[in-house]
Amino acid sequence: MRLPLVTVLGECVADAFTVPASTPGELALRVLPGGGPANTAVALARLGTPARFLARLSGDAFGRLFRDHLEASGVDLTSAVHAPEPSTLAVAELDAQGQATYSFHAQGTADWQWTADELAATDLASTACLHSGSLALVREPGGTAVEEFLARASTTATISIDPNVRPLLVGPEVYRERLPRWCALADVLRLSEDDLELLLPGYTIERACDAWHAAGAPLVVITRGERGAVASLDGERVAVPAPPTDVVDTVGAGDSFTAGLLHHLGARGHLGGRLTDLRADDVFDACAFASRVAALTCGVIGPNPPWAGQLRPAAPAIGRAAG
């Protein structure tokens, strides 16, 4: 059975990790392809979902690295733009728990320069789900064009959005101002507990889910690291535990979770519309699968999601109700 096509729109970023230098006075970096939307596209393709990536890829050394990485994972780049601007660079430092903090080099780079004409050239007829979010949806000059593209796609495709708040580059107030519009477009809103705290400081998960449902998003999923995830389908909530994991780092784990969620929903025929037939048990099963995909990503260095063959059948899960 061929799974439905998921189109992913957004950035691909060079994730540079500090490593021990061989010579005093030098800084050594290990560069891996990253960026939330690119990570999601790679994870989808590796799981077996046809994944098309709409990106503006530079012709520089990083851009060539991105193309090789995406194509090797099976991502369709036929609609990607050959961009004249340089690639975006993010330098990551990991703490003892494997959590990353970033410094970005993103001024005037390729990822944010989308035009309405570039996006209008994309045929959405075969797309069952369009996933976007992160910086490409908020950074101008391209952010407005991306948001308008999502609105056009919402007439025929399931819309998935991951805000992936990056306050070093875009103030949380920008996300807060736009989020009600995104909820009105989105069928799936996936974000982390850290995103929640930045977007709605002081809100409980339950209160935040209710606010986003009221704004229009029927399915809200909040990931909580080693504490698993909470999902809310029009107010009916389920809690999903995280599998035991030896964490190397958490880079790309949320993106892998999103890919696992969309892959599972697509494999069971839920993508391509407004999720009207989705039930809470379906959401639990999809989030449980997504948690396994994210856990495997945490077990390796950088945003390196698993291939389908690496996922063993899961034991039956219990305890689905959330408070």
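Residues numbered from 1 in each chain as written. Predicted model: local features only at pLDDT ≥ 70, side-chain atom pairs only at ≥ 80, totals over all residues. Heavy atoms only, no water.

**Some points on the packing of aromatic side chains**
The condition is simple: Under the pairing criterion, centres of Phe, Tyr and Trp rings, with the six-membered ring standing for Trp, must be within 6.5 Å; the plane angle then separates stacked pairs below 30 degrees from edge-to-face pairs above 60, leaving the rest tilted. Using a 1.4 Å probe on the protein chains alone, a residue whose accessible area is under 20% of its type maximum counts as buried, one over 50% counts as exposed, and one in between counts as partly exposed. We call a charge positioned over a ring when the NZ of a Lys or the CZ of an Arg lies within 6 Å of the ring centre and within 35 degrees of the ring normal.
In total, this model carries 1 aromatic pair according to the counting rule given. Ring geometry for Tyr 175 and Trp 182: centres 6.3 Å apart, planes at 90 degrees, overall edge-to-face. By the burial criterion, Tyr 175 is buried, and Trp 182 matches it. Positioned above the aromatic ring of Tyr 203 is the side chain of Arg 207, whose terminal nitrogen or guanidinium carbon lies 3.7 Å from the ring centre.

**Section: the sheet that holds strand E11 (residues 188–192)**
Sheet strands pair via backbone hydrogen bonds, and the direction of the pair is either parallel or antiparallel. Condition: A strand pair is defined by DSSP finding two or more bridges across the two strands. Helix numbers and strand numbers start at the N terminus; a helix is a DSSP run of H or I with at least 4 residues, a strand a run of E with at least 2. Here the axes come from fitting lines to C-alpha atoms, over the contacting stretch only for helices, and the angles between their N-to-C directions go from 0 to 180 degrees. When checking whether two residues touch, look at their non-hydrogen atoms; a contact exists if any pair is within 4.5 Å.
One open sheet holds the 8 strands; their spatial order is E4-E1-E9-E10-E11-E12-E13-E14, and the pairing between them is mixed. Looking at the sheet topology across the chains shown, the edges are occupied by strand E4 (51–54) and strand E14 (236–240). Each strand axis lies, on average, 15 degrees off the axis of its neighbour in the sheet, ignoring direction. Together, strand E1 (5–9), E4, strand E9 (127–133) and strand E10 (158–162) form the strand contacts of helix H4 (residues 143–153), whose direction differs from that of E9 by roughly 155 degrees.

**What to know about the side chain of Arg 190**
So the rule is basically this: The definition of a polar contact used here is a pair of N or O atoms within 3.5 Å, where within protein one atom must be able to donate a hydrogen and the other to accept one, and adjacent residues in sequence count solely through side-chain atom pairs.
Its location among the elements puts Arg 190 in strand E11. A polar contact is formed between the side chain of Arg 190 and the side chain of Thr 223, at a distance of 2.7 Å. Looking at Arg 190, its side chain comes within polar contact range of the side chain of Thr 258, at 3.0 Å.

**Things to note about the nonpolar core**
One broad trend across soluble globular proteins is that nonpolar side chains are buried collectively. Here is the rule: Take the buried Ala, Val, Leu, Ile, Met, Phe, Trp, Tyr and Cys residues and link them wherever side-chain atoms come within 4.5 Å; each set so joined is a nonpolar core.
Ranked by size, the top nonpolar core spans 49 residues in total, and within it Phe 53 and Leu 70 carry the most contacts. Apart from the residues within four sequence positions on either side, Phe 53 is in contact with Val 8, Gly 10, Glu 11, Cys 12, Pro 37, Ala 38, Ala 41, Leu 70, Val 75, Asp 76, Leu 77 and Ala 80.

**Overview of the pairing of strand E12 (residues 219–223)**
Burial runs high along E12: 5 of the 5 residues are buried. Counted along the chain from E12 to the antiparallel partner strand E13 (residues 229–233), the turn is 5 residues long, and its residue Gly 225 has a positive phi close to 65 degrees.

**Brief notes about helix H8 (residues 253–267)**
Short version of the rule: Take the residue count of a helix, subtract one, and multiply by 1.5 Å to get its expected span.
With 15 residues, H8 extends 21 Å from end C-alpha to end C-alpha; this agrees with the ideal 21 Å at 1.5 Å per step. Just downstream of H8 lies Gly 269, where phi reads positive at about 80 degrees.

**Some thoughts on the environment of Ala 121**
As for its position among the elements, Ala 121 is in the loop between helix H3 (116–120) and E9. Taking relative accessible area as the criterion, Ala 121 reaches 69% and is therefore assigned exposed.

**Topic: the pattern of salt bridges**
Under the convention used in this document: Salt bridge, as used here: a side-chain nitrogen of Lys or Arg that lies within 4 Å of a carboxyl oxygen of Asp or Glu.
Applying the stated rule across the entire model yields 10 salt bridges. Note that Arg 56 and Glu 85 form a salt bridge whose closest N and O atoms lie 2.9 Å from each other. One end of the pair, Arg 56, is in strand E5 (residues 56–58); the other, Glu 85, is in the loop between strand E6 (81–83) and strand E7 (88–94), with 29 residues separating them in the sequence. Overlapping salt bridges, with partners in common, bring together Arg 56, Glu 85 and Glu 118 in one network.

**Topic: the sheet that holds strand E8 (residues 100–105)**
Strand order in this open sheet of 4 strands is E3-E2-E7-E8, and the pairing throughout is mixed. A single partner strand is all that each edge strand has here, and the edge strands are strand E3 (28–34) and E8. Each strand of the sheet is rotated relative to its neighbour by a mean of 30 degrees, with strand direction disregarded. Seen against the sheet, helix H2 (residues 61–72) touches strand E2 (13–19), E3 and E7 and runs at an angle of roughly 50 degrees to E3.

**Notes on the packing of helix H1 (residues 36–47) against H8**
Worth spelling out the cut-off: To sort the angles, those under 35 degrees are grouped as roughly parallel, those over 145 as roughly antiparallel, those from 65 to 115 as roughly perpendicular, and the leftovers as oblique. Left-handed describes a crossing whose near helix is turned anticlockwise from the far helix through less than a right angle; right-handed describes the clockwise counterpart. Only Asp, Glu, Lys and Arg are considered charged in this grouping, and only Ala, Val, Leu, Ile, Met, Phe, Trp, Tyr, Cys and Pro are considered nonpolar; every other residue, Gly among them, is considered polar.
Between H1 and H8, the shortest axis-to-axis distance is 8 Å and the interhelical angle comes to 45 degrees. Regarding the angle of H1 to H8, the classification is oblique. Crossing hand, H1 versus H8: right-handed. Where H1 approaches H8, its residues Gly 36, Asn 39, Thr 40, Ala 43, Leu 44 and Leu 47 are matched on the opposing element by Asp 255, Ser 256, Thr 258, Ala 259, Gly 260, Leu 262 and His 263. Grouping the constituent residues of the contact of H1 with H8 by class yields 5 nonpolar, 7 polar and 1 charged.

Such coordinate-based values are descriptive only and should not be taken to indicate function.
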